[in-house]
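The residues making up each chain are set out below.
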Amino acid sequence: MRYLPKSPAERKQMLAVVGGKTIDELFSSVPEQYRLKKALNLPGPLSEAEIIQYFKARAAENSLGYTSFLGAGVYNHLRSVITDTIIQRGEFLTSYTPYQAEITQGTLQSIFEFQTLMCQLTGQDVANASMYDGSTAATEAVLMAERLTSRRRVLVARSVHPEYRTVLKTYAKNSGLVVEEVGISADGTVDTIALQSSLKEDVAAILVQSPNFLGVIEPIADLANIAHKVGALLVATVTEAVSLGLVRPPAEADIVAMEGQSFGLAPSYGGPYVGVIASREKFVRQMPGRLVGQTTDSNGRRGFVLTLATREQHIRREKATSNICTNQALCALAATVHLCLLGKEGLREMAHQNLSKARFALAELEKIPGVRRAFDAPFFNEFTIVLPRSAKLVNAQLLREKIIGPFVLGTAYPELTKHALVCVTETVTRVEIEKFASALRSALEQPV
Amino acid sequence: MTYPPSYRYTKQHEWIDVKDSVGTIGITDYAQHELGDVVFVELPKPGAKVQAGKSFGNVESVKAVSEIYAPVSGEVVEANAELEATPEKLNSDPHKSAWLIRVKLADQAELAQLMDAKAYEAFISEKNKEASA
């Protein structure tokens, strides 16, 4: 396919075919007052050399040489050049939706492998071919629970990513779904006493995140039991997928909604990332999104096809499980390649390094007078600390030392005024952690 | 296969067998034949309301998903739970054990709108003629 605009000669030719004299004549059915009469407010065209110059200048604005302790839903992990090399192959990069199984076995197989990996990681039976990102996956998982239970109320832990909760509320706003939040207990996990008092037989699902937004690992099996007692489903969301290399998978949850960015996708301006929904086989017909299945062809050979497409809106619009009619195929491929490169041992090793470095960082930070750990429950690669003064001001000082400081929790949780969420991944070295601790110490020693 | 004379039939190929104001509803042998191998059946839960001429569930075969339309209005008193595990029964025994739902009729008069077995057989033989023409 060419991405070149039409030449004046071609325009003339096309107009002749449709019997119009001018382009304006084609738009004559659009009422006068809705027609654009002035040129769009866009800069003029650039030559190739000017474009290269422009992007070089933008690239030079990138912040190089900084160490980041910021996570909060997006994580900086090691990535191999092999991942980018493979996803940039034309067969993958420019391929369209694999509707025609006979010419798209490669794409279909890669998606099937992605689904298989996601099932293995989440402890679930079936996974879809991906969603836009973790936040829409979490919302779609809740809507799926709503359809499965025919109930209209959902309880959401406040320890779920604040932006995920916002996305859910946006979807729920005009749909009649009632979203209620449940608070956080002293150890950082969801307040199960408050949860049980709000839990009635009209609740479709409980949505929790683990590790949660405060870094703490939630007791998924206990929460599933609580939900199941009243016939509600447990939806577990995971924002830090690398945690699954070490933390017990949320196998007891009925639906798992995950952000897969940690698997081979670099942090970037909001995406594109890759969401995942995995669930039990008996719920598959209420799953949103694309699914690839394994089958045999007329000669008995193993093959792959899009399956259960009648759940999708391009087949049965008004009866579809979701208005999503796409997937993040290229990002899902990156995650697949990344995981295959790491392997089971590699992922476990990566997860181990995250945990070890986070524990080391916490120990270093706790040596600083006035700094303490906020929550006692176990964590993975993020933990919350309480500072003796505003985390925002501290971060400004850290930035001068080329350190991107921890997430200021007060921006999302007004009650957590001096709390900061520290993220430590395998990309950070011991020396950098020590430098961060000493920079934080001197920032706190300075007069306010 | 013969069409039970005590049943009433719709043009969308559902049947209803009414006893004491409760109607058992299913799809006809003609319908299952047109659908091909049935792999999944989605039915409403007891307590749900159905409306004559409106869809109340669907049958998924290897070829397509088809809506099932209620022959009468009323409240669902029972759904055939066996079809969840053995949807293929719809192909082998559509007029008996593979019934779909039982409905408490809201208005007996609606039955007068439906065809008897003789009229339905004539209706499908017309359909078959169209198909072979």
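Note that the coordinates shown come from a computational prediction; the quantities given were computed from them, not determined experimentally. (Residues numbered from 1 in each chain as written. Chains lettered and ligands numbered in written order. Predicted model: local features only at pLDDT ≥ 70, side-chain atom pairs only at ≥ 80, totals over all residues.)

**Describing the overall build of chain A**
On a plain count of helices and strands, chain A comes out with 13 helices and 15 strands. Summarising its shape, the C-alpha atoms of chain A cover approximately 80 × 55 × 50 Å along the three principal directions. Looking at chain A as a whole, 41% of its 448 residues qualify as buried. Sequence-distant contacts in chain A: of pairs separated by 6 or more residues, those separated by 24 or more amount to 71%. (Helix = DSSP H or I, 4+ residues; strand = E, 2+ residues; numbered from the N terminus. Buried ≥ 20, exposed ≤ 12 C-beta atoms within 10 Å, placed from the backbone. Contact = placed C-beta atoms within 7 Å.)

**Describing the domain arrangement of chain A**
Residue and element names in this part refer to chain A. Partitioning chain A into structural domains gives domain 1 (67-77 + 344-445) and domain 2 (81-338). Between the C-alpha centres of domain 1 and domain 2 there is a distance of 28 Å. Facing the 25 residues of domain 1 at the interface are 22 residues of domain 2. Sorting the residues of the side of domain 1 that touches domain 2 by element identifies α11 (329-366) and β12 (382-386) as the ones contributing at least two each. At seven residues, α11 tops the list of elements feeding residues into the side of domain 1 that touches domain 2. A per-class count over the side of domain 1 that touches domain 2 returns 15 nonpolar, seven polar and three charged. (Domains from an automatic or database assignment. Nonpolar A, V, L, I, M, F, W, Y, C, P; charged D, E, K, R; others polar.)

**So, the nonpolar core**
Counting residues in each nonpolar core, the largest one holds 117 residues, and the members touching the most others are Ala205, Ile206, Leu207 and Val235 of chain A. A total of 15 residues in this core trace back to one element, the largest contributor, which is α11 of chain A. The two domains that each donate at least three residues to this core are domain 1 (67-77 + 344-445) and domain 2 (81-338) of chain A. Setting aside chain neighbours within four positions, we find Ile206 of chain A in contact with Leu155, Leu195, Leu223, Ala227, Ala232, Leu234 and Val235 of chain A. Among the nonpolar cores identified, the runner-up in size contains 31 residues, and Trp15, Phe56, Leu100 and Val103 of chain B belong to it. (Core = buried A, V, L, I, M, F, W, Y, C linked by C-beta atoms within 7 Å.)

**Concerning the pairing of β12 of chain A**
Residues and elements named next belong to chain A. Counting buried positions over the five residues of β12 gives four, a clear majority of the element. Here strand β11 (residues 372-373) runs beside β12; their pairing, made up of two bridges, is antiparallel. Bridging from a neighbouring strand, Arg373 pairs with Ile385 of β12. Direction of pairing for β12 relative to strand β15 (residues 419-423): antiparallel, over a ladder of five bridges. Each bridged residue has a counterpart across the sheet, and for Ile385 the counterpart in β15 is Ala420. (Pairing = 2+ DSSP bridges.)

**Some words on the confidence of the model for chain B**
When pLDDT is averaged along chain B, the result is 93, and 98% of the positions lie at 70 or above. Predicted confidence in chain B is weakest over helix α4 (residues 117-132) of chain B, with a mean pLDDT of 89, and strongest over strand β3 (residues 22-27) of chain B, with 97. (pLDDT = per-residue confidence, 0-100.)

**Here we look at unusual backbone geometry**
A cis amide bond links Ser210 of chain A with the next residue in sequence, Pro211 of chain A, at an omega value of -10°. The topology assignment puts Pro211 of chain A in the loop between β5 (203-209) and α10 (220-229). Of note, the phi angle at Ala72 of chain A is positive, near 55°, even though the residue is not glycine. Topologically, Ala72 of chain A is positioned in the loop between β1 (67-68) and α4 (81-87). Ala72 of chain A gets classed as buried once you count the C-beta atoms within 10 Å, which come to 22. Notably, Asp20 of chain B is not glycine yet its phi reads approximately 50°, a positive angle. In this fold, Asp20 of chain B is placed in the loop between β2 (14-19) and β3.

**Focus on the pairing of strand β9 (residues 101-105) of chain B**
Along a regular strand, successive side chains alternate from one face of the sheet to the other. Residues and elements named next belong to chain B. Here β9 shows a clear split, with Ile101, Val103 and Leu105 buried on one side and none of Arg102 and Lys104 buried on the other. Where β3 lies against β9, four bridges are found, and the strand directions are antiparallel. Bridging from a neighbouring strand, Val22 pairs with Lys104 of β9. Note that strand β8 (residues 74-79) and β9 share five bridges and pair antiparallel. Each residue of the ladder has a partner; that of Gly74, found in β9, is Leu105.

**Section: the interface of chain B and chain A**
Taken together, the four residues of chain B in the interface contact four residues of chain A. Its residues assigned to classes, the side of chain B that touches chain A comprises two nonpolar, no polar and two charged.

**Points about α11 of chain A**
Taking 1.5 Å as the rise per residue, α11 of chain A with 38 residues should run 56 Å; its terminal C-alpha atoms sit only 43 Å apart, a clear shortfall. A maximum bend of about 95° is found in α11 of chain A at Gly343 of chain A. (Expected span 1.5 Å × (residues − 1). Bend = angle between axes of the 7 residues up to and from the residue.)

**Side note on the sheet that holds β3 of chain B**
Here six strands make up an open sheet; going across it, the order is β1-β2-β3-β9-β8-β5 (chain B) and the pairing antiparallel. The open sheet terminates on both sides in strands that have one partner only, identified here as β1 (8-9) and β5 (49-50) of chain B.

**Quick notes on the packing of helix α12 (residues 391-400) of chain A against helix α13 (residues 430-445) of chain A**
Residue and element names in this part refer to chain A. In contact at an axis separation of 9 Å, α12 and α13 are set at 125° when each is read in the N-to-C sense. The angle between α12 and α13 places the two elements in the oblique class. Pair α12 / α13 crosses with right-handed handedness. Where α12 abuts α13, its residues Val394, Gln397 and Leu398 lie against Ala439, Leu440, Ala443 and Leu444. The class makeup of the residues in the contact of α12 with α13 is six nonpolar, one polar and no charged. (Axes fitted to C-alpha atoms, helices over the stretch in contact; angles between N-to-C directions. Parallel < 35°, antiparallel > 145°, perpendicular 65-115°, else oblique. Left-handed = near helix turned anticlockwise from the far one by under 90°.)

**Some words on the packing of helix α7 (residues 134-149) of chain A against helix α8 (residues 162-172) of chain A**
Residue and element names in this part refer to chain A. For the pair α7 and α8, interaxial distance at closest approach is 9 Å and the crossing angle is 50°. On the basis of the axis angle, α7 is oblique to α8. Regarding α7 and α8, the two cross each other, and that crossing is right-handed. On α8, the residues touching Gly134, Ser135, Thr136, Ala138, Thr139, Val142 and Leu143 of α7 are Glu163, Tyr164, Val167, Leu168 and Tyr171. Split into classes, the residues belonging to the contact of α7 with α8 amount to seven nonpolar, four polar and one charged.

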